[in-house]
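Listed here are the chains, written in short residue letters.
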Amino acid sequence: MKKLLIFATIISCMFTFVACGNNDSSKKETKPNNKTSSSDVGNSNEDGNKKEFDAPSILDEIIENNSFSDMTKLEDALFLEVMYGISEADVKQFAMYINETGIIADEIIIIEAVDDEASKRVCDLITNWYISKGAQMKDYLPEEYKKIEKSSVKSSGNYVYMVIADNNSEIEKIIEKYI
């Protein structure tokens, strides 16, 4: 029942933002930046051993080390399809954490794709979501849009992640320890 309520809330928020968005196509779209390559991100701990990538555990570490307001973990793969258009077949594992209210931009998604091609598709779909979210919030919630502006979609190998939060760079460092 709780999942159904969260799903209904997400859908209604999406329609609210679309209805309130500015349709002026002459404005610039926000584009993600700072794509990382696998050579930019470390994949071992201090001992030189590779850390295991476990998206839900990484999200738990992020939550433990940061404070968020009105956030919910979404653990059902249905949300990947509904929100981002991502096929469950493209995903090996994922973790999502979004703001329940729809008026706060905060959102974290961490995905391990099944292969390189799936990773490209996932990255493209999350990038489209990111651009759309920015366009929706630009005029509707300009303070929240500032968070989106300083955030981006990043990928490294089969890993794709997006962090929209006040302290996105600190959160990204946590993710990058495992990639």
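Above this text is the structure in question.
Please read all numbers here as calculations on a predicted model, not as lab measurements.

**Q** So what's going on with the packing of aromatic side chains? Which residues, and what values?
**A** A full pass over the atoms with the stated rule returns three aromatic pairs. Seen from their ring centres, Phe53 and Tyr159 are 4.2 Å apart, and the 45° between their planes marks the pair as tilted. Of this pair, Phe53 sits in the loop between helix H1 (2-20) and helix H2 (55-64) while Tyr159 sits in strand S5 (residues 159-164), and the two are 106 residues apart along the sequence. By relative accessible area, which is 8% here, Phe53 ends up buried. Overall, Tyr159 belongs to the buried group, its relative accessible area being 16%. Each ring, one from Phe68 and one from Tyr97, has its centre 5.4 Å from the other, and the planes form 85°; the classification is edge-to-face. Residue Phe68 is found in the loop between H2 and strand S1 (71-74), and its partner Tyr97 is found in strand S2 (residues 91-99); the two are separated by 29 residues along the sequence.

**Q** Outline the environment of Lys73, listing residues and values.
**A** Relative to the assigned elements, Lys73 resides in strand S1. Classification of Lys73 by relative accessible area gives partly exposed; the value is 34%. If we ignore the near neighbours within four places in the chain, the residues touching Lys73 are Leu59, Asp60, Ile63, Met96 and Tyr97. There is a polar contact of 2.4 Å between the side chain of Lys73 and the side chain of Asp60.

**Q** Tell me about helix H5 (residues 142-149), and name the residues and values.
**A** If you check which residues of H5 are buried, you get Glu144, Tyr145, Lys147 and Ile148. All buried residues of H5 fall inside an arc of 150° around its axis, so they share one side.

**Q** I'd like to hear about the sheet that holds strand S3 (residues 107-113), residue by residue, with values.
**A** Spatially, five strands are ordered S1-S2-S3-S5-S4 in an open sheet, and the strand pairing comes out antiparallel. The open sheet is flanked by S1 and strand S4 (153-156), the only strands paired with a single partner. Taken pair by pair, the neighbouring strands of this sheet meet at an average axis angle of 10°, ignoring direction. Both S1 and S2 contribute to a ladder of four bridges, which runs antiparallel. Within S2, the residue paired with Met71 across the bridge is Asn99. Where H2 meets the sheet, its contacts fall on S1, S2 and S3, and the angle it forms with S2 comes to roughly 25°.

**Q** Would you mind going over the nonpolar core in detail, with residue names and values included?
**A** Ranked by internal contacts, the top residues of the largest apolar core, which has 28 residues, are Leu80, Tyr84, Met96, Ile111, Ile126 and Met162. Breaking this core down by element, the ones donating at least two residues are helix H3 (78-84), S2, S3, helix H4 (116-140), H5 and S5. Counting residues per element, this core draws most heavily on H4, which supplies seven residues. In this structure, Ile111 is in contact with Leu80, Ile86, Val91, Gln93, Phe94, Val122, Ile126, Asn158, Tyr159 and Val160, ignoring residues within four places of it in sequence. Membership of the second largest hydrophobic core comes to 19 residues, among which are Ile58, Ile171, Tyr178 and Ile179.

Cut-offs used in this document
Throughout this description, residue numbers start from 1 for each chain and increase along the sequence as written. Thresholds applied to this predicted model are a pLDDT of at least 70 for local features of residues and 80 or more for the giving and counting of side-chain atom pairs; totals over whole chains, interfaces and linings are not thresholded and use all residues. Note that water and hydrogens are dropped before the side-chain values are worked out from all heavy atoms of the structure. Aromatic pairing here means that ring centres of Phe, Tyr or Trp (its six-membered ring) are within 6.5 Å. Orientation follows from the plane angle: under 30 degrees is stacked, over 60 is edge-to-face, and everything else is tilted. Each helix is a run of DSSP H or I of at least 4 residues and each strand a run of E of at least 2, with the numbering of both proceeding from the N terminus. For the exposure calls, accessible area comes from a 1.4 Å probe over protein chains only, and a residue counts as buried if that area is under 20% of its type's maximum, exposed if over 50%, partly exposed in between. Two residues qualify as a contact provided that any one of their heavy atoms is within 4.5 Å of a heavy atom in the partner residue. Pairs of N or O atoms within 3.5 Å make up the polar contacts considered here, provided that, within protein, one atom can donate a hydrogen while the other can accept it, and that residues adjacent in sequence are counted only when both atoms are side-chain atoms. The reported arc concerns the directions from the helix axis to the C-beta atoms and nothing else. Whether two strands pair comes down to DSSP finding at least two bridges between them. With axes taken as lines fitted to C-alpha atoms, and helix axes fitted only over the stretch in contact, angles between N-to-C directions fall between 0 and 180 degrees. Only buried residues count toward a nonpolar core. Its members are Ala, Val, Leu, Ile, Met, Phe, Trp, Tyr and Cys residues joined through side-chain atoms within 4.5 Å.

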